[in-house]
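# Structure at a glance
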Amino acid sequence: MSAPLGKDLVGLEGLSREQLQLVLDAAEGFKEVSERAIKKVPTLRGQTIVNLFFEASTRTRVSFEFAEKRLSADTVNVASSGSSVSKGETLVDTARNLEAMRIDMVVIRHPSSGAARFLAERIKSNVINAGDGTHEHPTQGLLDMLTLRDKFGKLDGLKVCLCGDVLHSRVARSNIFGLRTMGAEVAICGPRSLLPGDVGQLGVTVFDRIEAAIEWADALNVLRLQLERMSAGYIPSLREYNRVFGVTRERLDRAPRDLLILHPGPMNRGVEIDSNVADGPHSVILDQVTNGVAVRMAVLYLLAGARAEPSRGGDAR
Amino acid sequence: MPPATTTVLDAKAMERTLRRMADEILELASGSDNLVIVGIQRRGVQLADRLVALIKSRDGLEIPRGALDITLYRDDLQTVGPRPVVGKTDLPFDLEGKLIVIVDDVLYTGRTVRAALDELADFGRPARIALAVLVDRGGRELPIHADIIGKKVDIAASDRVDVHVSELDQKDAVTIVRRDAA
């Protein structure tokens, strides 16, 4: 039985160039399904998928649900605040209960880094990571890469800068792993307090000034400034952040070339990105959302049929 | 013993065969304005293009051409696993009331045609669907037959029919590869 991606998609770290290429090419084929009058193909008929969301999400959850339904899978959404129970107990219990109901796939979003792998190692069903803590958000990374490839025709040699709160961003990590494997040059830019401590190991260029990043890059992926973290004192104020690091029309006008603008959403307009940039001619923010459904259909399709035993026994602990 | 390859149709014979198939398609349509030709990805699409071009050059008729990729309608995802999605489904016309001729390179088990019929049904309700294949190699697993056949061959299950089209394979030919050649 062929399993081109293995049983699970936990992250883009460790995936080969061929595997990433396969997902992007497959996604290309799935775009057309969403343009049909009847947006549905029977590919995953009879498959049951649980969307297990332990953290708030609109875009990603809806996008996964559309992808599942357009492939004819049966879907169940489980939302949980998952606040007081310890992570380990909750997930093992949840996993056992889900397995008892004979499911085929789990899409999991969880506030703890490593939660997706934890679950993947304990259940036979396919597990897709829809964002775990500050670890990875692989389908977001893939849809960003697909959007870049659509616009530039290739990823090899492309210069992409991730701007803003890289420290807390699972989107940034998935982009860095995926883009570097595909041969792109990746940089990060933001206040030092919001850049990870291990930048040396990520193989990326670091810009302290947004002007320098804009001069260098072909595309900017502007990350959400996580406002809920303001109290931690990472930055002095929103206004100051916008003044120093905001992606503004004036800054882009001084760039040597037109930059493609990506943002994973939700946007803080007037903070990390100005409205006239977000809605401007070089913004592909809504293309990213459209591509998200195609990428998720591709991942669901490529994982279906891969029914390997979990790498560690579910009853081991 | 290495596998033995026999050529059943060379480029000239393939051209002649396609010409006859184009005539038979027009005969089957009997003057209908609703004829459309739909190729199954991949090589069915190139063959459909050839048939459309032959009909145009000989009869001056512009027949619309569509393409079907049946990968997402396969019945073996759970047993064989995913296959790369190579082509796109592109049906640039309304199917309602049309006379559709599906074109594929080889008719074998009939499962591809079954998938194609299911996919077409999701797009609309044609007046009639007919099937034209370049090679019929027998071995049906479903009650499906072709209305127009380029070449019939009688071969063992272990043998393989390869259809080459110059657009993808740099030559036109139909060959049979015998696995256990005596």
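Moving on to the overall build of chain B. For chain B, the count of helices and strands is five helices and eight strands. Its helices and strands taken in sequence order, chain B reads β-α-β-α-β-α-β-α-β-β-β-α-β from the N to the C terminus. Taken over C-alpha atoms, the radius of gyration comes to 16 Å for chain B, in line with the 16 Å a tight globule of 182 residues would show. Each principal axis of the C-alpha distribution contributes one length, and for chain B these read about 55 × 40 × 30 Å.

A separate point is the sheet that holds strand β1 (residues 4-9) of chain B. Residues and elements named next belong to chain B. Read from one edge to the other, the open sheet built from three strands follows the order β1-β8-β7, with strand pairing classed as antiparallel. The sheet is open, and its two borders are formed by β1 and β7 (160-164), each paired with just one other strand. If you compare each strand with its neighbour and ignore which way they point, the axes differ by 25° on average. Pairing between β7 and strand β8 (residues 173-178): five bridges, direction antiparallel.

Glancing now at the confidence of the model for chain B. With 97% of its residues at a pLDDT of at least 70, chain B reaches an overall mean of 93. Here the complex is predicted with pTM 0.89, and the ipTM for its interfaces comes to 0.83.

The next subject is the interface of chain B and chain A. Taken together, the contact between chain B and chain A spans 16 residues of the former and 21 residues of the latter. Three residues stand out in chain B for area buried against chain A, namely Leu72(B), Gln78(B) and Pro82(B), and they jointly supply 38% of the buried area on that side. At the junction of chain B and chain A, the tally comes to one salt bridge. One salt bridge connects Glu119(B) with Arg36(A), and the closest N-O pair in it is separated by 3.0 Å. The interface formed by chain B and chain A holds two residue pairs in polar contact (both at pLDDT 80 or more) in total. The biggest single contributor to the side of chain B that touches chain A is helix α3 (residues 77-80) of chain B, with four residues.

Take the layout of surface pockets next. Residues and elements named next belong to chain B. A volume near 830 Å³ is recorded for the largest pocket. For the lining of the largest pocket, the secondary structure elements donating two or more residues are β4 (99-107), α4 (111-123) and β7. The element contributing the most residues to the lining of the largest pocket is α4, with five residues. By residue class, the composition of the lining of the largest pocket is 12 nonpolar, five polar and 14 charged.

On to the nonpolar core, then. Counting residues in hydrophobic clusters, the biggest one holds 85 residues, and the most contacted among them are Phe30(A), Leu142(A) and Leu148(A). Broken down by element, this core gets its largest block of residues, 10 residues, from helix α12 (residues 285-303) of chain A. For this core, the two domains that each supply at least three residues are domain 1 (17-137 + 292-305) and domain 2 (138-289) of chain A. Met21(B), Leu47(B), Val52(B) and Val103(B) belong to the second largest nonpolar core, which has 34 residues in total.

Residues and elements named next belong to chain B. Ordered by their spatial adjacency, five strands build an open sheet running β3-β2-β4-β5-β6, and the pairing between neighbours is parallel. At either end of the open sheet lies a strand with only one pairing partner, and these are β3 (65-68) and β6 (148-152). Between one strand axis and the next, the sheet turns by 25° as a mean value, whatever way the strands run. Looking at chain direction, strand β2 (residues 35-40) and β4 are connected through five bridges and run parallel. What sits directly across from Leu-35, in β4, is Leu-99. Of the strands in this sheet, β2, β3, β4 and β5 (128-136) touch helix α2 (residues 43-59), which is tilted by about 150° from β2. Where α4 meets the sheet, it contacts β2, β3, β4 and β5, and its direction lies at approximately 155° from that of β4.

Time to look at helix α1 (residues 11-29) of chain B. Residue and element names in this part refer to chain B. With 19 residues, α1 should cover 27 Å at 1.5 Å per step; its first-to-last C-alpha distance of 27 Å lies within 8% of that length. Along α1, the residues classified as buried are Ala-13, Met-14, Thr-17, Leu-18, Met-21, Ala-22, Ile-25, Leu-26 and Ala-29. Downstream of α1 by one or two residues, Ser-30 has phi in the positive range, about 35°.

The next point concerns the packing of helix α1 (residues 17-31) of chain A against helix α5 (residues 138-152) of chain A. Residue and element names in this part refer to chain A. Where α1 meets α5, the closest approach of the two axes is 10 Å, and the angle between their N-to-C directions is 70°. Classified by the angle their axes make, α1 and α5 are roughly perpendicular. For the pair α1 and α5, contact is made by Leu-20, Gln-21, Val-23, Leu-24, Asp-25, Ala-27, Glu-28 and Lys-31 and by Leu-142, Met-145, Leu-146, Arg-149 and Asp-150, respectively. Tallied by class, residues from the contact of α1 with α5 come to seven nonpolar, one polar and five charged.

Right, let's get into α12(A). Residue and element names in this part refer to chain A. A rise of 1.5 Å per residue sets the reference length of α12, with its 19 residues, at 27 Å; its end C-alpha atoms lie 27 Å apart and thus fit the reference within 8%. The sharpest bend along α12 comes to roughly 25°, located at Asn-291. For α12, the buried fraction is high: 15 of the 19 residues fall into the buried class.

Another point: the domain arrangement of chain A. Residue and element names in this part refer to chain A. As far as domains go, chain A holds domain 1 (17-137 + 292-305) and domain 2 (138-289). Put simply, the middle of domain 1 and the middle of domain 2, counted by C-alpha atoms, are 25 Å apart. For the domain 1 and domain 2 pair, buried surface summed over both sides reaches about 2,300 Å², with 57% attributable to carbon and sulfur atoms. When the buried surface of domain 1 facing domain 2 is broken down by residue, Arg-17, Leu-24 and His-137 rank first, second and third, together holding 29% of it. Along the contact surface separating domain 1 from domain 2 lie five salt bridges. For Glu-55, the salt bridge identified is with Arg-170, shortest N-O distance 2.8 Å. Applying the counting rule to domain 1 against domain 2 returns 15 residue pairs in polar contact (both at pLDDT 80 or more).

The rules behind each value
Residues numbered from 1 in each chain as written. Chains lettered and ligands numbered in written order. Predicted model: local features only at pLDDT ≥ 70, side-chain atom pairs only at ≥ 80, totals over all residues. Heavy atoms only, no water. Helix = DSSP H or I, 4+ residues; strand = E, 2+ residues; numbered from the N terminus. Rg over C-alpha atoms; globule rule 2.2 N^0.38 Å. Pairing = 2+ DSSP bridges. Axes fitted to C-alpha atoms, helices over the stretch in contact; angles between N-to-C directions. pLDDT = per-residue confidence, 0-100. Contact = heavy atoms within 4.5 Å. Buried area = accessible area lost by both parts, 1.4 Å probe. Salt bridge = Lys/Arg side-chain N within 4 Å of Asp/Glu carboxyl O. Polar contact = N/O pair within 3.5 Å; in protein donor to acceptor, adjacent residues only side chain to side chain. 1 Å grid on protein atoms, 1.4 Å probe; cavity = no way out; pocket = protein on both sides within 12 Å on 5 of 7 lines; lining within 4 Å. Points joined across faces, edges and corners; volume = space filled by probe spheres on them. Nonpolar A, V, L, I, M, F, W, Y, C, P; charged D, E, K, R; others polar. Core = buried A, V, L, I, M, F, W, Y, C linked by side-chain atoms within 4.5 Å. Buried < 20%, exposed > 50% of the residue type's maximum accessible area, 1.4 Å probe, protein only. Domains from an automatic or database assignment. Expected span 1.5 Å × (residues − 1). Parallel < 35°, antiparallel > 145°, perpendicular 65-115°, else oblique. Bend = angle between axes of the 7 residues up to and from the residue.

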